[in-house]
Amino acid sequence: MRAVLMAGGSGTRLRPLTCDLPKPMVPVLNRPIAEHIINLLKRHNITEVIATLYYLPDVMRDYFQDGSDFGVQMTYAVEEEQPLGTAGCVKNIQQWLDDTFITISGDAITDFDLQAAIAFHREKKSKATLILTRVPNPVEFGVVITNRDGKIERFLEKPSLSEIFSDTVNTGTYILEPEILDYLPENQESDFSKDLFPLLLEKEEPMYGYVAEGYWCDVGHLEAYREAQYDGLDQKVKLDFPYKQKSAGIWIGNNTYVDPSAVIEAPAMIGDNCRIGARVKIEAGTVIGDNVTVGSDANLKRPIIWNGATVGDEAHLRACIICRGTRMDRRSQALEGSVVGSLSIVGEEAQIAPGVRVWPSKRIESGAILNINLIWGNTAQRNLFGQRGVSGLANIDLTPEFVVKLGASYGSTLKLDSTVIVSRDQRSVSRMIGRAIISGLMSAGINVQNLEATAIPISRTMMTHMIDVSGGIHIRLEPNRPDYLLIEFFDERGISISKSQEKKIEGAYFKEDLRRVSVQEIGSVSYPSGILDTYSRTFEKYVNIEAVRNSSSKIVIDYMYAVAGAILPQLLAKFGCDAVVLNASLKETAISATQKEVLLDQLGQVVEALKANFGVQVSANGEQLILVDEAGLPIRDEALTALMVNTVFTAHPRSTVVVPVHASSAVEEIARRHDGKVIRTKVNPTALMAASQNNPHVVLGGSSDMGFIFPQLHPGFDAMFSIAKLIEMLTIQERSLADIRHDLPNIYYKSCSLRCPWKVKGSLMRYLVETHPTENLELIDGVKIINPQNDNWVLILPDAGEPLIHIYANSSDRYWVDRQLAEYRQRIQSFIDREQS
């Protein structure tokens, strides 16, 4: 059998390790990853290896040559023009593959039993067998769902947390029959997971997943690279060690001198031709390459030191990576998680802070303290975006220097000379962060239309009314966390950007692939006028002004000292609405959850005292609202969602509404009364906006906890427009909020949350999918267990940002809800306890 070693990767997330090496040639225990893979193939009697190359192909060819020194026969295929993808590069060598063959990724460390997988493939008469494994956190990988016989039923490529239905992932190793390559186009980029395997599934070709036992580590980022080294030393994975074991857990190469006063703790590895000085302390987990010199009194705490490095006297290296030929001078320090690229020089008493990366061939002057990546940037992070955008503690996580780079990263993903709208809430910290992000955008050659302090609905409206706008950014305090800032990004339609666009921004940020334009190309900043007039005209277009003007209703609106209070009073006055305004002045500090409840109670008292028709509390910078009826009682949560749906369906029967998957089934019951339709989406704003915008029959989207969308106005949540529409619809329908509340279905709905470690979420979702009949499952977001005969359901939803699992139960039977909530709470807690024991 032949093996195809896919070794074309450039390993951008491993930079600076891969600046001058292809990822498969990065050393683990002083030997390239590719050599460990070839040793694995050889142990399973696979000795004909074809390596597909693209990035720096000569490095691998020069190292392995014809393979005879490694006991295999090596052949090489280079993608000359462009990368062809995982499947395209194999299609490129189809003429060499005339029998069953195995493809294996060149960037993983594993000791799987390949012969067992091959036997499984032949037993099942499979056309394609994917070698799978189970991992604690499958978010970074492609999830594969199989039936009990191992036949593949579904693929999910790098899912979000709420899409994790299994912890069984694709390892990038496949056993294939040559005829499946006929499905692939010639000389075109194509991918096994995204293109070929879904096509085979569609064509009903026999395709199986073999869940392998053993070790597997995808060396896709720096943390995984360090983990693979330490696991190798701890012998958690079966690897061929290049040196003899001198004592238990200590491997030392030929012609290496270790001073008798040096202390070495097991496990540790020291390569050939090394010199270890007096009183050196080498702690467990340290890996030292060939031809390395370590000066006296140096302290090595689990560093990974590549070939040819020099470590000076009294140097301190802690869980860092020192690349080929680098010189660490006397008393220099490289701290946890830092990386020093090849052929760099770190001067005497210089210090590299934790997590900082230094690109190859750089010089750090003596005494310098480096706490940013060289040449620019902050400490590398794995992800920037959360559920709604980029968030963090104001001026601690989200600092001016961080958002300058964030703005430059976003700008670098757009065309030069594009225009972006930037807006914010009224607070000083948002103004500071806004100015910093504008600087980053300008540095990438992006022009900025600065709306300054305004409500988010107005920003989204302006996206569709300004010429040639490519995107937008809004900065505000997070609605429920007053110490946190939230930076949201919009596309050209005003919809929150997609996950793929988020990944592009993260890619530019982490790879530092930033566009630095010339002085003449620096972006400009302008301050458009007439913003409120534009919003007002759009507002008037979709509201029955006469109904609002002729309404005899009196409403009370609490703006909670936010920027919406400077806008909506003007609009309502223009429409002749009798509105009493509370807390409309701007306030610098955020409103806490406790203060919000106090203000809501005060609002109810004012509504009752004035005998007003209803009250509204506006929050989240104009996006969200809570209603108060004429008796002063709040309408919130699922009752608010149902009330808005009821009011809209009464005004627009046979139309469509969009709600998240966790909204109560009162929505469906109301829709049935009005011959309407309900679309359910994932529990995130982008999904709601996209679904509301993409279906021409949608008249309302959203929920009480995110806000409500009237897609004819703009694609985002808008509490201000919701108030005007509510006045209009109540006037025309001659109903009060109490009337509508009385008309709502009697649906019982409860929820609870459990602490759940990140690593358990994937296996929990797989357990739930496997222990319920397929016909009772709905997998829009999380795992929803439904009863097809009625509207009873239970939803288990992983939290996207916290180590939590949310459980929702819904039914017309209160006792059923209580019973199911208690049962699933106990069931899930027991599973979590078992996984952690």
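Structural data are supplied above this passage.
Residues numbered from 1 in each chain as written. Predicted model: local features only at pLDDT ≥ 70, side-chain atom pairs only at ≥ 80, totals over all residues. Heavy atoms only, no water.

**Digging into the nonpolar core**
Test applied: Throughout this description, the term nonpolar core refers to a set of buried Ala, Val, Leu, Ile, Met, Phe, Trp, Tyr and Cys residues connected via side-chain atoms within 4.5 Å. Note on exposure labels: buried denotes an accessible area under 20% of the residue type's maximum, exposed denotes more than 50%, and partly exposed covers the range between, all computed with a 1.4 Å probe on protein chains only. Note on conventions: DSSP H or I runs of at least 4 residues are helices, E runs of at least 2 residues are strands, and numbering of each starts at the N terminus. The criterion used for residue contact is that any of the two residues' heavy atoms lie within 4.5 Å.
Counting 67 residues, the largest nonpolar core has Leu5, Leu17, Met60 and Tyr225 as the members making the most contacts within it. Broken down by element, this core gets its largest block of residues, six residues, from helix H1 (residues 33–43). If sequence neighbours within four positions are ignored, Met60 has contacts with Leu5, Ala7, Pro24, Met25, Ala34, Ala51, Leu53, Gln65 and Tyr76. Among the nonpolar cores identified, the runner-up in size contains 63 residues, and Phe614, Ala663, Leu713 and Leu737 belong to it.

**A word on unusual backbone geometry**
The omega angle of the peptide bond from Arg15 to Pro16 is 10 degrees, so this bond is cis rather than trans. Relative to the helices and strands, Pro16 resides in the loop between strand E1 (2–6) and strand E2 (27–28). That bond from Ala266 to Pro267 is cis: its omega, 0 degrees, falls within 30 degrees of zero. Mapped onto the elements, Pro267 comes out in the loop between strand E17 (263–264) and strand E18 (268–270). Residues other than glycine seldom take positive phi values, yet Glu204 does so here, at roughly 60 degrees. With respect to the helices and strands, Glu204 occurs in the loop between helix H5 (192–202) and strand E12 (207–211). By relative accessible area, Glu204 is classed as exposed at 70%.

**Notes on the sheet that holds strand E51 (residues 748–755)**
Put simply, the test is: Strand pairing is assigned whenever DSSP identifies at least 2 bridges connecting the two strands.
The strand order across the open sheet formed by five strands is E51-E55-E54-E53-E52, and the pairing between neighbours is antiparallel. This sheet does not close on itself; its edge strands, each paired only once, are E51 and strand E52 (777–778). Relative to strand E53 (residues 783–786), E52 runs antiparallel, the two sharing two bridges. Among the inter-strand pairings, Glu778 is bridged to a residue of E53, identified as Lys784.

**Section: empty space enclosed by the protein**
Inclusion rule: A pocket, in this scheme, is an open set of points on a 1 Å grid over the protein atoms alone with protein on both sides within 12 Å along at least 5 of 7 lines, while a cavity is a set where a 1.4 Å probe fits but cannot get out; residues line either one if an atom lies within 4 Å of a point. Grid points are joined across faces, edges and corners, and a volume is the space filled by probe spheres set on the points. Gly counts as polar in this scheme, as do all residues outside two lists: the nonpolar Ala, Val, Leu, Ile, Met, Phe, Trp, Tyr, Cys and Pro, and the charged Asp, Glu, Lys and Arg.
Under the counting rule described, the total for this entry stands at three cavities of 30 Å³ or more. Its boundaries defined by the atoms lining it, the largest cavity holds a volume of some 260 Å³. Lining the largest cavity are 20 residues, and of these Arg427, Pro479, Met560, Ala620 and Asn621 sit closest to its centre. Elements that contribute at least two residues to the lining of the largest cavity include exactly strand E39 (469–478) and strand E44 (614–619). Looking at which element gives the most residues to the lining of the largest cavity, the answer is E39, with three residues. For the lining of the largest cavity, a count of residues per class yields eleven nonpolar, four polar and five charged. Roughly 60 Å³ of internal volume is contained in the second largest cavity. In terms of lining, the second largest cavity is formed by Phe385, Gln387, Arg388, Gly389, Phe489, Ser496, Ile497, Glu502 and Thr686.

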